[in-house]
Amino acid sequence: MTASAPRYMARFRCIAEACEDTCCAGLTVPISESRWSLLRQKVAGTPDEARVAALITPNPDGATGQQAGILGKRADGHCAFLDEAKLCSLQRRYGEAVLPDGCSVFPRVLTRWAAQVEMAGSLACPETARLCLLAEDALVREPVPEEQALRPQVARQVAAGDDAWTAHADTVREAMLRLLNRREVPYAARLYALGRMALDLGGFYFPGTTADDTERLAGILREYESADTLASLHTQLEALELPGGPWAGICAAVLRSREAAVSSPRFLALMNAVRASYGGADTHPDRAWELHAARRSALESLHGERVHQYFLHHALNHVLRHPFTEGPSLLNAVFLLVLRASVVRWVLLGHPAVVALLDAPGTPVATLDAAAVEAFQVVAKHVEQAPTFLDFAKGLAGEGPETFARLLILVKGL
Ligand code: SF4
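Identification of the chain as Flagellar protein FliB from Corallococcus interemptor is taken from an unreviewed UniProt entry.

This is the structure in structure tokens:
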């Protein structure tokens, strides 16, 4: 087996008690039948036998297999097996082998592309968010020692290559990554180009397609490599006039719905501050947009390059971490990326530290970095993967050409 990862994941080490969050805080942690049974064998006859029996219970959903058991939580929402040093007491005493897959692998996200296992990172961990967003070379991909890609058997399989959709997935993904890296046009124009490319491909390149139109696909990908195409799409996007209020309304609605469902004090405190910074719950989206747009242009002139790096790294990581083949279409995958980026931008520009920084331009960039890590991490942990958010995104995207029209509203907000 060979494995590869972006450089920030090769650098990743859990910082345990120094972490501003804890991976298991506020989340439900399932355990598979086989790990549960191994754990029971390991703790038999030790003082942990009774704890394991009491604190791991059958999944109330009746699930079996991978989700057979659920780990108990303390009153503060942390895992019941977490010790005072914020380390897992089960891992410390019985080794990594007894851990549920989620605990062992997190924040690594493993995907098998043919024979190659790729390891990307979840930005739901503050340390991966820091390493991914702040280092200029974070997204350089390189081979990693096999032992760093823990439990490759849980990797999702993407490109089996048994139909045109998966057979060309790697080629399409590489084209997406190249397009995102085209620095001669702004970030929003690259996302617009990505959406247009997905629209052009969508007529014949979709899940389950039987047409293997390799030449046509290659021709479209080539067209989006062209500097002229990009320049012309950039001009089109610039000329497009769309109100920003709907974009602001969408971002605020996403966060409102998550606030109703999430109990994490860290998430709720930031959401309260962000909402207040945009004028409170009753502010009209058009007014909130005006505030956002003014901040966006002020931040652009102070730290434009730095902010660009955050969002570029987020997008590149998104493409590596979320194989587009799992969605109903390439256009839907692009839509989800743009929606996630929109929500993070809304949070970042509503972050109190960023608002304060705009009034005190001499503030060190480290303050902006810390706010960015918090914004990206909190959204990754509590919004991006939530089933309700994914359902909302699906409904918002609609189908076919309407997805592209709605994508434009989001892209114009970025
Ligand atoms: S969130 Fe990341 S750094 Fe924090 S405890 Fe978990 S793995 Fe370690």
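There is more to say after this.
## Digging into the side chain of Asn332
With respect to the secondary-structure elements, Asn332 resides in helix H15 (residues 330-350). The class of Asn332 is buried, set by a relative accessible area of 17%. Among all residues touching Asn332, those that are not within four sequence positions of it are Ala397 and Gly398.

## Some words on the domain arrangement of the chain
When the domains of the chain are assigned, the result is domain 1 (1-23 + 107-157), domain 2 (25-40 + 60-105) and domain 3 (161-414). For domain 2 versus domain 3, the separation of C-alpha centres amounts to 33 Å.

## Digging into the pattern of salt bridges
By the definition in use, this model includes 22 salt bridges. A salt bridge links Asp21 to Arg266; the nearest nitrogen and oxygen atoms lie 3.3 Å apart. Taken as a pair, Asp21 in the loop between helix H1 (7-11) and strand E2 (30-31) and Arg266 in helix H13 (residues 265-277) lie far apart in primary sequence, 245 residues in all. On the accessibility criterion, Asp21 (9% relative accessible area) is buried. Salt-bridge contacts for Glu174 lead to Arg141; the nearest nitrogen and oxygen are separated by 2.9 Å. With a gap of 33 residues between them, Glu174 in helix H8 (residues 169-180) and Arg141 in strand E7 (residues 141-143) connect regions that are remote in the sequence. Using a relative accessible area of 36% as the deciding quantity, one classes Arg141 as partly exposed. Here the residues in one salt-bridge network are Glu118, Arg141, Asp170, Arg173 and Glu174, joined through shared partners.

## Section: the sheet that holds E7
Read from one edge of the open sheet, five strands run E7-E1-E6-E5-E8, paired in mixed fashion. For this open sheet the edge positions go to E7 and strand E8 (156-157), each flanked by a neighbour on one side alone. With six bridges connecting them, strand E5 (residues 108-113) and strand E6 (residues 116-121) associate as antiparallel partners. Considered in E6, the bridge of Leu110 is made with Met119. Taken strand by strand, helix H14 (residues 285-321) contacts strand E1 (2-6), E5, E6, E7 and E8, and its axis lies near 140° from that of E6.

## Examining the environment of Arg306
Structurally, Arg306 is set in helix H14. Sequence separation between Arg306 and His234 is 72 residues, and the spatial gap between their C-alpha atoms is 21 Å. Here Arg306 is in contact with Leu134, Val365, Leu368 and Asp369, once residues within four sequence places are set aside.

## A look at the nonpolar core
The biggest cluster of nonpolar side chains holds 115 residues, and the ones touching the most others in it are Met197 and Leu201. Structurally, this core is a two-domain feature, drawing no fewer than three residues from each of domain 1 (1-23 + 107-157) and domain 3 (161-414). If we ignore the near neighbours within four places in the chain, the residues touching Met197 are Ala175, Met176, Leu179, Ile220, Leu221 and Tyr224. Membership of the second largest hydrophobic core comes to 16 residues, among which are Ile31, Trp36, Val43 and Val98.

Calculation criteria
Residues numbered from 1 in each chain as written. Predicted model: local features only at pLDDT ≥ 70, side-chain atom pairs only at ≥ 80, totals over all residues. Heavy atoms only, no water. Helix = DSSP H or I, 4+ residues; strand = E, 2+ residues; numbered from the N terminus. Buried < 20%, exposed > 50% of the residue type's maximum accessible area, 1.4 Å probe, protein only. Contact = heavy atoms within 4.5 Å. Domains from an automatic or database assignment. Salt bridge = Lys/Arg side-chain N within 4 Å of Asp/Glu carboxyl O. Pairing = 2+ DSSP bridges. Axes fitted to C-alpha atoms, helices over the stretch in contact; angles between N-to-C directions. Core = buried A, V, L, I, M, F, W, Y, C linked by side-chain atoms within 4.5 Å.

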